[in-house]
Amino acid sequence: MQSLQSKSIDSQQQDSGMCRSSYESVLKSRVFDADAGVKALHQFLTHVGCSPLEDLSCLVASCNNPVLNEDIGIKSDVVVVGSGSGGAVIAGALAQKGYSVLVVEKGKYFSERDLSLLEGPTMQSMYEGGGMMGTEDGGVNILAGSTLGGGSAVNWSASICTPRHVLREWAEDHGLSFFASEDYQKAMQEVCKRLGVQASVREESFQNAVLRKGCEELGYHVANIPRNAGPDHACGFCGLGCKSGEKQATTKTWLVDAAAADAVILTGCRVEKVLYNSLKDKSKKPSRIEGIQASLSDGSRLFIQAKSVVVACGSLMTPILLQKSGLQNQNIGKFLHIHPTQMVWGYFPKESGPKGRCYEGTIMTAVSEAAANWESSGYGALLEVPALLPGGFAGLMPWCSGADSKRRISRYSRTAHCIVLARDKGSGMVKVDKRGYPSIFYKLSPEDEESLKQGADKALRVLIAAGAQEIGTHHPDGEELQIKGATITEIEDYLWRVRSKSLTQVSMSLCSAHQMGSCRMGIDPSSSVVDPKGESWDVEGLFIGDTSVFPTASGVNPMITVQSIAFCTAKRVNEYLKDLSI
């Protein structure tokens, strides 16, 4: 059997001269859209050699329903629920080890040619809740990918390794020595290699140039952001999918590895329950995994018997699936961290500031730790820039009047935004509602509110130093400041008012694109959901492989961290499967 550091399909294809279309053909040959119906699904599963499950009765009994004529049953060594940055890594690694792997994804697969890059339709088809999710009180707008590739398909390419102070906190304060190990460092190296992570950029975009120039003028820290795309990648629309195909999402990497090793990937298929049976011998864990129950859009059911199940639906949906499946661990859904962000903006007439338009060029190439507090508390805020397209811009800008909104929209292309992204010390929770969907509860803590305010102060100073002629926030009062002709006293008074305004009122537009910690890893079942191996405390053979296992917020864009943890979790699943065969 190959090791988990074995040669990837990427290098194999380079050796054989395969082109990008070949990558896509490898993946497409193993992907099936379950919306095609139960008959077509049955034919596909037979065609790709899935082992049929002749007797469905034991699995169906686990969900207290009779066997129906249209039910489909198959067997697989491993089922991975979700295809994002966690699930795809585990699927690729285990498939390359020779196990039969089946990936189940409720979202759809969009190749480059399928991408419209239209804001409304894409949000509807590639984001959880059509891009309209939020906390129950309306205080935070939530963005989470829901497509083949998950967040990796629609993120902004930032590929930042887990900071040292975060690893130290997880190892020392949470007792997870694994994060201080050489194995974890090697995992990050392997992940970065597989994604082609590099930090150079050929030509910086308008917004990133503004952030860099302002930081340099003020003597603030600023650095290049490592990214899973090349130095020439200038796709300002990657939040709607990467049309150029240069961004190394899981659909370009780990899922291709999985498909090349004969894994099967079902899209448009929603997992309803994880199935497990109680163990008579409770010396280890109360239950053992049996498989999953999924549903198709026509109401048909798919039952998959598996030796191991990996749940990787993301921090919002993983706890929902576990709760619907009847797991009783009291920590499921708790300790949700969201990296709350606020945005500030500066308007640059054509004659001022760096050249370009806000939607052109690479989305993220510059980052500042000026407000991060990494050397002290470890909790503060990063300064980055967003991909804010016209619909999002119009929705987030405060409404003052029709004329004012028209004025703001007319300046859209030369309005630079800066993200203030807090590493939140406080947390919220997610729980299943009566319809089976997530209800998200989150209140900004006083410490995190202060981090956002201090970050906003620095970000506004950066915009001024870069040459902005007007500055403002998304506070509902719409207050802005004309910089030209303003005195130092007037500027400081404005910044003081920004720091004085509450960020917890319902009409304030806070956002979150990173959700973590809702099924956190720990050393004690009384305060965590999974053990240090990533395995459920309650169900043997049930692993969790997404950002929900983070012990706390990572404080940086989480893609490399979740993929590195998943890389290590894949080894633990492999060990579990080998033990079963003894």
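Bear in mind that the values here come from a model prediction, so they are computed numbers and not experimental data. (Residues numbered from 1 in each chain as written. Predicted model: local features only at pLDDT ≥ 70, side-chain atom pairs only at ≥ 80, totals over all residues. Heavy atoms only, no water.)

Our next topic: the overall build of the protein chain. If you tally the helices and strands in the protein chain, you get 17 helices and 22 strands. If you line up the protein chain on its principal axes, its C-alpha atoms span 80 × 50 × 45 Å. The 582 residues of the protein chain split such that 60% are buried. Taking contacts inside the protein chain between residues at least 6 apart in sequence as the whole, the part at least 24 apart equals 75%. Surface summary for the protein chain: the accessible area is close to 22,700 Å², and the carbon and sulfur share equals 51%. For the protein chain, the separation between the mean place of its 59 positive charges and that of its 63 negative charges on side chains is 2 Å. (Helix = DSSP H or I, 4+ residues; strand = E, 2+ residues; numbered from the N terminus. Buried < 20%, exposed > 50% of the residue type's maximum accessible area, 1.4 Å probe, protein only. Contact = heavy atoms within 4.5 Å. Areas by Shrake-Rupley, 256 points an atom, 1.4 Å probe, with all protein chains shown as cover. Lys, Arg positive; Asp, Glu negative; His and termini not counted. Charge placed at Lys NZ, Arg CZ, Asp CG, Glu CD.)

In this section: the packing of aromatic side chains. Per the stated rule, a full pass over the model turns up eleven aromatic pairs. An angle of 55° between the planes, with centres 4.7 Å apart, marks the rings of Phe 178 and Phe 179 as tilted. On the basis of an interplanar angle of 85° and a centroid distance of 5.5 Å, the ring pair of Phe 178 and Tyr 184 is categorised as edge-to-face. The pair formed by Phe 178 and Tyr 184 is uniform in burial state, with each residue classed as buried. An aromatic cluster of at least three residues, connected via ring pairs, comprises Trp 170, Phe 178, Phe 179, Tyr 184 and Phe 550. (Phe/Tyr/Trp six-rings, centres within 6.5 Å; stacked < 30°, edge-to-face > 60°.)

Moving on to the environment of Cys 215. Take Cys 215: it is sitting in helix α10 (residues 206-218). When the C-alpha atoms of Cys 215 and Ser 368 are compared, they prove to be 7.6 Å apart, with 153 residues separating the residues in sequence. Residues within four places of Cys 215 in sequence aside, it is in contact with Tyr 220, His 221, Val 222, Ser 368 and Val 462.

The pLDDT averaged across the protein chain works out to 92; a share of 95% of its residues lies at or above 70. Of the regions scoring below 50 in pLDDT, residues 1-18 engages in 36 contacts with residues more than four places distant in sequence or in other chains. (pLDDT = per-residue confidence, 0-100.)

Glancing now at unusual backbone geometry. Where the residue is not glycine, phi is negative for most of them; where a peptide bond is considered, it is trans in most cases. Of note in the backbone geometry, Leu 117 takes a positive phi value of approximately 60° without being a glycine. Position of Leu 117 among the secondary structure elements: in the loop between β4 (101-104) and α6 (119-126). Within the chain, Asn 373 stands out as a residue other than glycine whose phi angle is a positive 60°. When you line up the elements, Asn 373 lands in the loop between β13 (366-371) and β14 (381-384).

The subject of this paragraph is the pattern of salt bridges. Taken as a whole, this structure holds 33 salt bridges when the rule is applied. Measuring nitrogen to oxygen at the nearest pair gives 2.9 Å for the salt bridge that ties Arg 194 to Asp 257. Taken as a pair, Arg 194 in helix α9 (residues 182-195) and Asp 257 in helix α11 (residues 254-260) lie far apart in primary sequence, 63 residues in all. Pair check on accessibility: Arg 194 and Asp 257 agree, each one buried. For Arg 407, the salt bridge identified is with Glu 480, shortest N-O distance 3.1 Å. Taken together, the residues span a long stretch of sequence, with Arg 407 in helix α14 (residues 402-410) and Glu 480 in strand β19 (residues 480-482) at a distance of 73 residues. (Salt bridge = Lys/Arg side-chain N within 4 Å of Asp/Glu carboxyl O.)

Between α10 and helix α15 (residues 446-466), the shortest axis-to-axis distance is 7 Å and the interhelical angle comes to 95°. As the angle between them shows, α10 and α15 are arranged roughly perpendicular. Taking contact as the criterion, the partners of Val 210, Leu 211, Lys 213, Gly 214, Cys 215, Glu 217 and Leu 218 in α10 are, on α15, Arg 461, Val 462, Leu 463, Ala 465 and Ala 466. Its residues assigned to classes, the contact of α10 with α15 comprises eight nonpolar, one polar and three charged. (Axes fitted to C-alpha atoms, helices over the stretch in contact; angles between N-to-C directions. Parallel < 35°, antiparallel > 145°, perpendicular 65-115°, else oblique. Nonpolar A, V, L, I, M, F, W, Y, C, P; charged D, E, K, R; others polar.)

Right, let's get into the packing of α15 against helix α16 (residues 488-500). It is at 9 Å that the axes of α15 and α16 come closest, and there the two elements cross at 150°. By the angle between their axes, α15 is roughly antiparallel relative to α16. Where α15 crosses over α16, the handedness of that crossing is right-handed. Across the interface between the two elements, Lys 453, Gln 454, Ala 456, Asp 457, Leu 460, Arg 461 and Ile 464 from α15 touch Ile 491, Glu 492, Tyr 494, Leu 495, Val 498, Arg 499 and Ser 500 from α16. In the contact of α15 with α16, the residues fall into seven nonpolar, two polar and five charged. (Left-handed = near helix turned anticlockwise from the far one by under 90°.)

Further remarks concern α9. When the terminal C-alpha atoms of α9 are compared, their 20 Å separation across 14 residues agrees well with the 20 Å that a helix rising 1.5 Å per residue should span. Every buried residue of α9 is listed here: Tyr 184, Ala 187, Met 188, Val 191, Cys 192, Arg 194 and Leu 195. Seen along its axis, α9 keeps its buried residues to an arc of 160°; they face one direction. Turned more than 90 degrees from where α9 packs its buried face, Gln 189 and Lys 193 sit exposed. Gly 196, located one to two residues past α9, shows a positive phi value of around 65°. (Expected span 1.5 Å × (residues − 1). Arc of directions from axis to C-beta.)

This brings us to the nonpolar core. Counting residues in each nonpolar core, the largest one holds 91 residues, and the members touching the most others are Leu 45, Val 101 and Leu 266. When residues of this core are assigned to their parent elements, the largest contribution, eleven residues, is made by helix α17 (residues 559-581). Among the nonpolar cores identified, the runner-up in size contains 58 residues, and Leu 211, Phe 348, Leu 481 and Ile 483 belong to it. (Core = buried A, V, L, I, M, F, W, Y, C linked by side-chain atoms within 4.5 Å.)

With that out of the way, let us pick up the side chain of Thr 267. As for its position among the elements, Thr 267 is in strand β8 (residues 264-267). Setting aside residues up to four positions removed in sequence, Thr 267 forms contacts with Val 31, Phe 32, Asp 33, Ala 34, Glu 105, Gly 107, Lys 108, Tyr 109 and Leu 148.

Time to look at the environment of Ala 34. Tracing the chain through its elements places Ala 34 in the loop between β1 (31-33) and α3 (38-47). A C-alpha to C-alpha distance of 9.2 Å links Ala 34 and Lys 106, two positions 72 residues apart in sequence. Leave out the neighbours within four places in its chain, and Ala 34 touches Thr 267, Gly 268, Cys 269 and Leu 296.

Along the polypeptide, Glu 535 turns up in the loop between β20 (510-512) and β21 (539-540). Owing to a relative accessible area of 9%, Glu 535 belongs among the buried residues under this scheme. Among the polar contacts made by the side chain of Glu 535, one reaches the main-chain amide nitrogen of Gly 541 at a distance of 2.7 Å. In this view, Glu 535 contacts Lys 285, Val 529, Val 530, Glu 540, Gly 541, Leu 542, Phe 543 and Tyr 576; residues no more than four positions away in its chain are not counted. (Polar contact = N/O pair within 3.5 Å; in protein donor to acceptor, adjacent residues only side chain to side chain.)

Across four bridges, strand β16 (residues 429-432) lies against strand β17 (residues 438-441) in antiparallel orientation. The residue bridging Met 429 from the neighbouring strand is Phe 441, located in β17. Counting the residues in the hairpin turn of β16 and β17 gives five residues, including Gly 436, whose phi is positive at 90°. (Pairing = 2+ DSSP bridges.)

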